[in-house]
Amino acid sequence: MESMDLDPEFWRGRSVFVTGHTGFKGSWMCVLLSLLGARVTGFAQAPITTPSLFDLIDGTALIDRHILSDIRDPGAVTRAVAQAQPDVVIHMAAQPLVLASYEDPLDTYQTNVMGTVHLLEAVRRFDNAVAVVNVTSDKCYENREVDHAYIETDPMGGHDPYSNSKGCSELVTSAYQRSFFHEGGICLASARAGNVVGGGDWSDNRLVPDIIQAHLDERDITLRNPNALRPWQHVIEPITGYLRLAQALATRGRDVASGWNFGPDPDDVKPVGWVAETLLSALASNSEIRLGQGEHHEATLLSLDNSKAKRDLPWKPKWSINSALERTADWVRAYERQSDMYAVTLAQIEDYLEPDG
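Residues numbered from 1 in each chain as written. Predicted model: local features only at pLDDT ≥ 70, side-chain atom pairs only at ≥ 80, totals over all residues. Heavy atoms only, no water.

Concerning the pattern of salt bridges
Alright, step 1. The final tally for this structure, using the stated rule, is 14 salt bridges.
Alright, step 2. Notably, a salt bridge pairs Glu9 with Arg12, separated by 2.4 Å at the nearest N-O pair.
Alright, step 3. Under the relative-accessibility criterion, Glu9 is labelled exposed at 56%.
Alright, step 4. Arg12 sits in the partly exposed class, given a relative accessible area of 48%.
Alright, step 5. A salt bridge links Lys310 to Asp265; its shortest N-O distance comes to 2.7 Å. Here the residue Lys310 occupies a position in helix 11 (residues 307-312), and Asp265 occupies one in the loop between strand 10 (259-262) and strand 11 (269-271), the gap between them amounting to 45 residues.
Alright, step 6. The exposure class of Lys310 is partly exposed, given its relative accessible area of 35%.
Alright, step 7. Through salt bridges with shared partners, one network takes in Asp70, Arg72 and Asp107. (Salt bridge = Lys/Arg side-chain N within 4 Å of Asp/Glu carboxyl O. Buried < 20%, exposed > 50% of the residue type's maximum accessible area, 1.4 Å probe, protein only. Helix = DSSP H or I, 4+ residues; strand = E, 2+ residues; numbered from the N terminus.)

In structure tokens form, the structure reads like this:
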């Protein structure tokens, strides 16, 4: 694990408060933190998909405290943080879908913006030395639809409510950094990943889960925007980045208390249609691709510049999108065989953490 600059001695026995731990990313995070020996308190709503990765891996058995609650409830957040006494906070609880944000913008802003405020207020009242990573999104930037990989100092924005709410969450993070956490023991940073893929994502209206469900149901898949370019990466890539950043916050302090891109390298910015064809091929699926029409605006060009993380943490991606999709297909085939999905997920993490993984 030292090869990825995750220090087992740092994480062993450390109290880590994770919001959104029952989701797709959160479940992978629970497996990784369990492997590292951390004492994890999870704070989230119950899984919203059936099946759910959290249930498949028996997530409650991996963590010390499993709190089912709502990030929109400030009192519940404050009580949970005080109870956990965390050394590290990883904030991933979110309404994560663009199309859902069009259907319910109020919930999206309450969760993604005020949820961030509630967490940072809880940490501020806790007032102990703590490293806080707020996980936002590659979509937090004001997307000008130009051939430009966004760097951390580019303006925040967002056309749709989801993207805009993540830009707002970034602005909240910046305000708390400068207003409350510029001195003392609390160090706060934000993290922006690309479009993640991997086994166990059952979300609606998301490309890879839609492809996997179409394959399992033996039906065709409809694509809204096959030519849209996205920065694709396996889910393990950013979650190791979040922990690497938290570790740096705790050991190096304010020189890393800023925004960070944990995106893939430029060769892994691929069209939606290419990803669909590649994953269907890896699954040896009989499903075919059909074209549909999206009802709402979605960005057609998006990429992140990861040079800051490579240079200053350091962190860098290990798996190409081809490798990520192959491992996603491997995970799905294991699921079809009714394998032990915790063991499968753990094995992929261990493979990634190997020096030549």
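Now, onward.
Points about the sheet that holds strand 10
Alright, step 1. Strand order in the open sheet formed by seven strands is 3-2-1-4-5-6-10, with parallel pairing between adjacent strands. The open sheet has two free edges, formed respectively by strand 3 (65-68) and strand 10, since each of these has just one partner strand. Ignoring strand direction, the axes of neighbouring strands in this sheet form an average angle of 20°.
Alright, step 2. Most of the contacts of helix 6 (residues 105-126) go to strand 4 (residues 88-91), to which it runs at about 175°, and overall it touches strand 1 (15-19), strand 4, strand 5 (130-135) and strand 6 (186-193). (Pairing = 2+ DSSP bridges. Axes fitted to C-alpha atoms, helices over the stretch in contact; angles between N-to-C directions. Contact = heavy atoms within 4.5 Å.)

Looking at the packing of aromatic side chains
Alright, step 1. Counted by the stated rule, this structure contains ten aromatic pairs.
Alright, step 2. Seen in terms of ring centroids, Tyr141 and Tyr150 are 5.3 Å apart; in terms of plane orientation they differ by 10°. Their pairing is stacked.
Alright, step 3. Residue classification places Tyr141 among the buried residues on the basis of a relative accessible area of 1%.
Alright, step 4. Given a relative accessible area of 1%, Tyr150 falls into the buried group.
Alright, step 5. Ring plane angle 50° and centroid distance 6.0 Å describe the contact between Tyr176 and Phe181, whose orientation is recorded as tilted.
Alright, step 6. For Phe181, a relative accessible area of 5% gives the class buried.
Alright, step 7. Through successive ring pairs, a cluster of aromatic residues spans Tyr176, Phe180 and Phe181. (Phe/Tyr/Trp six-rings, centres within 6.5 Å; stacked < 30°, edge-to-face > 60°.)

Focus: the side chain of Asn306
Alright, step 1. Mapped onto the elements, Asn306 comes out in the loop between strand 12 (289-291) and helix 11.
Alright, step 2. The exposure class assigned to Asn306 is buried, which follows from its relative accessible area of 6%.
Alright, step 3. Here the side chain of Asn306 touches Gly263 through a polar contact of 2.9 Å, landing on its backbone oxygen.
Alright, step 4. Not counting residues up to four positions away in its chain, the partners in contact with Asn306 are Asn261, Gly263, Pro264, Asp265, Trp315 and Pro317. (Polar contact = N/O pair within 3.5 Å; in protein donor to acceptor, adjacent residues only side chain to side chain.)

Section: helix 12 (residues 321-336)
Alright, step 1. Between its terminal C-alpha atoms helix 12 stretches 22 Å, which fits the 22 Å expected from 16 residues at 1.5 Å a residue.
Alright, step 2. Every buried residue belonging to helix 12 is among Ile321, Ala324, Leu325, Arg327, Thr328, Ala329, Trp331, Val332 and Ala334, and all of these are buried.
Alright, step 3. In the stretch just after helix 12, Gln338 is the one whose phi turns positive, near 60°. (Expected span 1.5 Å × (residues − 1).)

So, the packing of helix 8 (residues 207-217) against helix 10 (residues 272-282)
To describe two helices that pack against each other, one gives the angle between their axes and the distance between the axes.
Alright, step 1. Where helix 8 contacts helix 10, the two axes come as close as 10 Å, and the packing angle between them is 35°. Every pair of crossing elements has a handedness; the one defined by helix 8 and helix 10 is right-handed. Mapping the contact onto sequence places Leu207, Val208, Ile211 and Ile212 in helix 8 and Val272, Val275, Ala276, Leu279 and Leu280 in helix 10. (Left-handed = near helix turned anticlockwise from the far one by under 90°.)

Some details on unusual backbone geometry
Alright, step 1. Residue Thr50 is joined to Pro51 through a cis peptide bond whose omega torsion reads 0°.
Alright, step 2. Within the secondary structure, Pro51 is located in the loop between strand 2 (39-44) and helix 3 (53-56).
Alright, step 3. In this structure, Pro314 follows Leu313 across a cis peptide bond, with omega equal to -5°.
Alright, step 4. Turning to its location among the elements, Pro314 is positioned in the loop between helix 11 and helix 12.
Alright, step 5. Of note in this structure, Glu218 is not a glycine but carries a positive phi near 55°.
Alright, step 6. With respect to the element layout, Glu218 can be found in the loop between helix 8 and strand 8 (221-223).
Alright, step 7. The phi torsion at Ala284 lies on the positive side, around 50°, for a residue other than glycine.

As for the sheet that holds strand 11
Alright, step 1. Spatially, the three strands line up as an open sheet ordered 7-9-11, and their pairing is mixed. At either margin of the open sheet sits one strand with a lone partner, and together these are strand 7 (195-197) and strand 11. Strand-to-strand twist across the sheet, computed as the mean angle between neighbouring axes with direction ignored, equals 50°.

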